[in-house]
Amino acid sequence: MTCSFTAACVQLNSGDDLAANITAASDLIRQAAAQGASFVATPENSTMITVGREATLAKARSELEHPAVPAFSTLAAELGLWLLIGSLTVRLSAEQAANRSLLFAPDGKIAARYDKIHMFDVAIPDGQVYRESATFQPGETAVLTDLPWGALGMTVCYDLRFPALYRSLAQAGASFITVPAAFTRFTGQAHWHVLLRARAIETGCYVIAPAQCGTHAGGRQTYGHSLIAAPWGEVLADSGEAPGLALAEIDPAKVAEARRMVPSLSGDRDFAAPRPAQDSLRAVS
């Protein structure tokens, strides 16, 4: 492990205008750099939140044609920092896109890509219905990449509810895990903080979770509260509910310290899977 560094979460209220969203994100990234951040992360859907499959696909761009890619590449190189763009809507075909997270190195080159694995197909009790799989092709590969301070595991939003992904990243060597998100207000109020803290505690990793906030096109509401959690589960920074920044000092030595105190990552044991509950009921009837 190496020395400490400052990480920043950028919190946005993105709309359906790509250029305006890129400008808003860039302004806050610059502010984060001015406050000493050497690793900056933006939320899921950083450059576009719109309504409906047709509108999403109409505005999607291939990675080679996406205006955000050169804009953020240039910005990372100008500021000399590691820049994680939480996700872009990247066109794969006329019928599908990827919800893709991109990590830019301080030279402006793309250091890693991650396509969101778990699709948000959920009917929320507040009346909103989401069918992400109708528009996006799920990723199939977990991604771990090296930073100067240790290894970074990349995830996106709904992945947060699937702890096996986080355990696999930590057991492969991750010290930091990013969770860029556009968590709904309804689910965020109930689950956001506790899930992020749980993933940090379970893995002994720092969890860096930039988020969308406020009201978007079509009345969609996101929770905000971009969060940085330490390996022992403490919340180091919380940005609240308005666009802005959450910054925290990251000490990689705390990862090893937490894992020494509770070495659960090395405690796996093989076990027989349970029988389905209905089979169990029949067995005792």
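This one's a predicted model, so the numbers in the text were calculated from it and none came from an experiment.

K.L.:
Help me understand the overall build of the protein chain, please; the structure alone is not making it clear to me.
P.N.:
Helix and strand counts for the protein chain come out as seven helices and 16 strands. Here the C-alpha atoms of the protein chain give a radius of gyration of 19 Å, agreeing with the 19 Å that 2.2 N^0.38 yields for 285 residues. Projected onto its principal axes, the C-alpha positions of the protein chain cover 65 × 45 × 30 Å. Looking at the protein chain as a whole, 52% of its 285 residues qualify as buried. At a minimum sequence separation of 6, the contacts of the protein chain that also span at least 24 residues come to 68%. Carbon and sulfur atoms make up 54% of the accessible area of the protein chain, which totals about 12300 Å². Side-chain charges in the protein chain split into 22 positive and 27 negative, and the spacing between the mean points of these groups amounts to 4 Å.

K.L.:
Explanation requested: the pattern of salt bridges in the structure shown.
P.N.:
A side chain with one charge can pair with a side chain of the opposite charge if their charged atoms come near. Throughout the structure, instances matching the rule amount to eleven salt bridges. A salt bridge links Arg-100 to Asp-115; the shortest N-O distance between them is 2.7 Å. Here Arg-100, found in strand β4 (residues 97-104), pairs with Asp-115, found in strand β5 (residues 110-115); they are 15 residues apart in sequence, far enough to count as distant. For Arg-100, a relative accessible area of 13% translates into the label buried.

K.L.:
Quick question: what am I supposed to make of the side chain of His-118 here?
P.N.:
Here His-118 shows up in the loop between β5 and β6 (121-123). Here Asp-159 takes part through its side chain, which lies 2.7 Å from a polar atom of the side chain of His-118. When neighbours within four sequence positions are excluded, His-118 is seen to be in contact with Glu-132, Tyr-158, Asp-159, Phe-162 and Leu-165.

K.L.:
Any chance you could explain the nonpolar core here in plain terms?
P.N.:
Nonpolar side chains in soluble globular proteins tend to be buried together. Residues Phe-39, Leu-103 and Trp-192 are the most contacted members of the largest nonpolar core, which totals 50 residues. Ignoring sequence-local partners within four residues, the contact set of Leu-103 consists of Phe-39, Trp-82, Leu-83, Leu-84, Lys-109, Ile-110, Ala-111, Ala-112, Thr-145, Leu-147, Leu-152 and Met-154. The next biggest cluster of nonpolar side chains, apart from the first, holds 24 residues, and it includes Ile-29, Ala-68, Leu-81 and Leu-83.

K.L.:
Would you mind showing me how to read the sheet that holds strand β2 (residues 39-41) here?
P.N.:
Sheets are built from strands paired through backbone hydrogen bonds, the pairs being either parallel or antiparallel. Reading across from one edge, β5-β4-β3-β2-β1-β16 is the order of the six strands in this open sheet, with mixed pairing throughout. Of all the strands in the sheet, just β5 and β16 (244-250) have a single pairing partner and so form its edges. On average, each strand axis in the sheet is inclined to that of its neighbour by 25°, with strand direction left out of account. Alignment of β4 against β5, held across five bridges, turns out to be antiparallel. If you follow Leu-103 over to β5, its bridge partner there is Ala-112.

K.L.:
Just to check I follow, could you spell out the packing of aromatic side chains for this structure?
P.N.:
In this description, an aromatic ring pair is defined by two values, namely the gap between the centres and the angle between the planes. In total, this model carries seven aromatic pairs according to the counting rule given. Ring geometry for Phe-120 versus Tyr-158: centroids 5.1 Å apart, planes at 65°, classification edge-to-face. In this pair, Phe-120 is assigned in the loop between β5 and β6 and Tyr-158 in the loop between β9 (150-154) and α4 (163-171), connecting sequence segments 38 residues apart. Across the pair, exposure class does not vary: Phe-120 and Tyr-158 are buried alike.

K.L.:
It is not clear to me how the layout of surface pockets should be interpreted in this structure. Could you clarify?
P.N.:
Which parts of space are left empty comes out when a probe the size of a water molecule is rolled across the atoms. For the largest pocket, the calculated volume is near 620 Å³. For the lining of the largest pocket, the secondary structure elements donating two or more residues are α2 (53-59) and β7 (129-131). Looking at the lining of the largest pocket, the element that brings in the most residues is β7, giving three residues.

Definitions and limits used
- Residues numbered from 1 in each chain as written.
- Predicted model: local features only at pLDDT ≥ 70, side-chain atom pairs only at ≥ 80, totals over all residues.
- Heavy atoms only, no water.
- Helix = DSSP H or I, 4+ residues; strand = E, 2+ residues; numbered from the N terminus.
- Rg over C-alpha atoms; globule rule 2.2 N^0.38 Å.
- Buried < 20%, exposed > 50% of the residue type's maximum accessible area, 1.4 Å probe, protein only.
- Contact = heavy atoms within 4.5 Å.
- Areas by Shrake-Rupley, 256 points an atom, 1.4 Å probe, with all protein chains shown as cover.
- Lys, Arg positive; Asp, Glu negative; His and termini not counted.
- Charge placed at Lys NZ, Arg CZ, Asp CG, Glu CD.
- Salt bridge = Lys/Arg side-chain N within 4 Å of Asp/Glu carboxyl O.
- Polar contact = N/O pair within 3.5 Å; in protein donor to acceptor, adjacent residues only side chain to side chain.
- Core = buried A, V, L, I, M, F, W, Y, C linked by side-chain atoms within 4.5 Å.
- Pairing = 2+ DSSP bridges.
- Axes fitted to C-alpha atoms, helices over the stretch in contact; angles between N-to-C directions.
- Phe/Tyr/Trp six-rings, centres within 6.5 Å; stacked < 30°, edge-to-face > 60°.
- 1 Å grid on protein atoms, 1.4 Å probe; cavity = no way out; pocket = protein on both sides within 12 Å on 5 of 7 lines; lining within 4 Å.
- Points joined across faces, edges and corners; volume = space filled by probe spheres on them.

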